[in-house]
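# Breakdown of the fold
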Amino acid sequence: MTGDQFTSIDRERLRIGYGVKWGFVPGDVLPSWVADMDFGTPPTVREAMAAVLERGDLGYAFWRGEDPVVEAFERRMATRYGWAPQSGRTKIFTDLIQVLQVMIEHSTKPGDGIAVHVPAYPPFLATIERSGRRIVPIPMIDVGGGWGFDGENLSSRLRAENCRMLVLVNPQNPTGRVFSRNELEDLAGVADELDLIVLADEIHSDLTFEDHRHVPFASLGRGPASRTITATSATKAFNIAGMRCAVAHIGPTSVWDALEREPLDYFGQPSILSRVATVAAWNDSDAWLDQLKQVLAANRNTIKRWVNDLPDTILYYPPEATYLSWFNFSHATGADRADPATDLESRAKVKLSQGAEFSQHTSIDSSGYARLNFATSPANLVDILERMRTAIGGASNPPAWSERKCVF
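The rules behind the values
Residues numbered from 1 in each chain as written. Predicted model: local features only at pLDDT ≥ 70, side-chain atom pairs only at ≥ 80, totals over all residues. Heavy atoms only, no water. Helix = DSSP H or I, 4+ residues; strand = E, 2+ residues; numbered from the N terminus. Rg over C-alpha atoms; globule rule 2.2 N^0.38 Å. Contact = heavy atoms within 4.5 Å. Pairing = 2+ DSSP bridges. Axes fitted to C-alpha atoms, helices over the stretch in contact; angles between N-to-C directions. Buried < 20%, exposed > 50% of the residue type's maximum accessible area, 1.4 Å probe, protein only. Arc of directions from axis to C-beta. Phe/Tyr/Trp six-rings, centres within 6.5 Å; stacked < 30°, edge-to-face > 60°. Lys NZ or Arg CZ within 6 Å of the ring centre and 35° of its normal. Polar contact = N/O pair within 3.5 Å; in protein donor to acceptor, adjacent residues only side chain to side chain. Lys, Arg positive; Asp, Glu negative; His and termini not counted. Salt bridge = Lys/Arg side-chain N within 4 Å of Asp/Glu carboxyl O.

### A look at the overall build of the chain
When you go through the chain residue by residue, the secondary structure sums to 15 helices and 14 strands. Computed over C-alpha atoms, the radius of gyration of the chain comes to 21 Å, within 12% of the 22 Å expected from 2.2 N^0.38 for 408 residues, which places it in the range of a compact globule. Over its C-alpha atoms, taken along the principal directions, the chain stretches across nearly 65 × 60 × 35 Å. In the chain, the proportion of contacts linking residues at least 24 apart, taken out of those at least 6 apart, comes to 72%.

Okay, here's the thing in structure tokens:
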């Protein structure tokens, strides 16, 4: 499909489909919450799936030789990121939440601390809490011009909390930070000192913007690789979340051996279609990804201009990766500072993700924040931002940032 796939969307098609992002909201609300894109899937993915359906090939999965998902993962890591995963140490899962749940059970025990940068992906926080482990937050802080974290005495802080695992989401969700090599090396030093298992969620790695480069945590050296479980999937960058296919490369020998002792069906089996879609995405869809990233970069710039044009005070740093914007409404006078997402859904008819969810079960308060998904057409994004501007107060006429050349 041409670039038109990214410049226009069919709202009605999205509303009558089975996706939760559009299906969950009333017909007068524009959804910008769940991390799905409005752009459909790459043509190469659809063609590969159509070939399977044409053959009626929906039985039990069987592969001659190496699993093609593993081959595609290893090839992508080597060619795109310069990291060669250890052969024979990759398992297939349905999604990263399942990966986290399994690895928590095989790497920690109830009562142990699990460190994670907060705000964090809400299902991860919920999983840690429900597993009987303790969330040990590493607060993301405003370092002036962007998001960072305080690494001073981090080892001592995590030791005092009896941490046994670090969940490292990089690129970070929801702030969009791409951690630098120096930051990752500092975390690797802490992990080595405390003998931590590191679960590196790198699902947004293909969605970095210009001037930022993703560094796989396991690529830092033999030591970090030996303690890192790298979890990733094609689902975010190629918009196939519903296919439910993810991989985990397992560096720690103790974890690998424990998983090898589990029953064969313990991990579940992603379908033929999900595997075929993943392989087509990673192997054959980079041209589509390049077009996507151009549109996302333009949308990110639109949001930056929109924020700069507002007379109200919304604190915001453009993300270095992902298609997610993290807004701080704590000092805004035109929105409910305690729950801006709910307020904006009521008054602007725009659904964002609630900030409080990203710090649940911790002492950190992110209730004054909201997350916006800008993986949509430029015109639809303008409509979302216009509704928000009207609700929180702004210019009476559409400002200069508003670009209406594209249709919905």
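Now that the structure is up, let's keep going.
### Description of the sheet that holds strand 2 (residues 90-93)
Spatial ordering of the open sheet is given by 2-9-8-7-6-3-4-5, a layout of eight strands whose pairing is mixed. Whereas interior strands pair on both sides, the edge strands pair on one side only; in this sheet they are strand 2 and strand 5 (147-149). Shown here is a sheet whose adjacent strand axes are inclined to one another by a mean of 25°, direction ignored. Note: strand 3 (residues 113-118) against strand 6 (residues 163-169), four bridges, orientation parallel. Pairing of Val-116 across the sheet is with Val-167, part of strand 6. This element, helix 5 (residues 68-81), spans strand 2, strand 8 (228-232) and strand 9 (246-250) of the sheet and lies at about 120° to strand 2. Strand contacts of helix 11 (residues 253-260): strand 2, strand 7 (197-201), strand 8 and strand 9, with the helix running at about 55° to strand 2, the strand carrying the most contacts.

### Side note on the sheet that holds strand 13 (residues 353-354)
The sheet built from four strands is open, its strands ordered 10-11-14-13 with antiparallel pairing. Pairing within the sheet leaves two strands with one partner each, and these edge strands are strand 10 (315-316) and strand 13. Bridging between strand 10 and strand 11 (residues 324-328) involves two bridges; their strand directions are antiparallel. Residue pairing across strands places Tyr-316 opposite Phe-327, the latter belonging to strand 11.

### Focus on helix 14 (residues 340-347)
Turning to helix 14, its buried residues number three or more, namely Pro-340, Ala-341, Asp-343 and Leu-344. Seen from one end, helix 14 has its buried residues packed into an arc of 160°, which puts them on one side. Where helix 14 ends, the next residue or the one after it, Lys-349, has phi of about 60°, a positive value.

### Quick look at helix 11
For helix 11, the set of buried residues is Val-255, Trp-256, Ala-258 and Leu-259. Down the axis of helix 11, the buried side of the element spans an arc of 165°, and every buried residue falls inside it. Of the surrounding elements, those touching the buried residues of helix 11 are strand 2, helix 6 (96-107), strand 7, strand 8 and strand 9.

### Remarks on the packing of aromatic side chains
Under the defined criterion, the tally for this structure stands at 17 aromatic pairs. Their ring planes at 45° and their centres at 6.3 Å tell us that Phe-73 and Trp-282 sit as a pair that is tilted. Residue Phe-73 is located in helix 5, and its partner Trp-282 is located in helix 12 (residues 272-284); the two are separated by 209 residues in the primary sequence. Residue Phe-73 is classed as buried on the basis of its relative accessible area of 0%. Ring geometry for Tyr-121 against Phe-124: centres 5.1 Å apart, planes inclined by 75°, an arrangement best described as edge-to-face. Stacked on the ring of Trp-256, the Lys or Arg Lys-91 has its end atom at 4.7 Å from the ring centre. In this structure, Lys-351 is placed above the aromatic ring of Trp-33, and the distance from its NZ or CZ to the ring centre is 4.8 Å.

### Considering the side chain of Arg-133
With respect to the helices and strands, Arg-133 occurs in the loop between helix 7 (122-130) and strand 4 (134-142). Among the polar contacts made by the side chain of Arg-133, one reaches the main-chain carbonyl oxygen of Lys-109 at a distance of 3.4 Å.

### Looking at the side chain of Lys-236
With respect to the secondary-structure elements, Lys-236 resides in the loop between strand 8 and strand 9. Although Lys-236 lies buried, it forms no salt bridge, and the closest oppositely charged side chain, Asp-36, sits 4.9 Å away as judged by the N-O distance. Within polar-contact distance, the side chain of Lys-236 engages the backbone oxygen of Ala-35 at 3.1 Å. In this structure Lys-236 touches Ala-35, Met-37, Ile-203, His-204, Leu-207 and Tyr-323, once residues within four positions along its chain are discounted.

### Remarks on the pattern of salt bridges
By the definition in use, this model includes 23 salt bridges. Residues Arg-76 and Asp-286 are paired through a salt bridge, measuring 2.7 Å at the closest nitrogen-oxygen approach. One end of the pair, Arg-76, is in helix 5; the other, Asp-286, is in helix 13 (residues 286-309), and 210 residues separate them in sequence. Assessed through its relative accessible area of 4%, Arg-76 is described here as buried. On the basis of relative accessible area, Asp-286 is assigned to the partly exposed category, the value being 28%. Among the salt bridges present, the one from Asp-95 reaches Arg-244, with a minimum N-O distance of 2.6 Å. Taken as a pair, Asp-95 in the loop between strand 2 and helix 6 and Arg-244 in the loop between strand 8 and strand 9 lie far apart in primary sequence, 149 residues in all. A residue is classified by how much of its surface remains accessible, and Arg-244, at 45% relative accessible area, is partly exposed.

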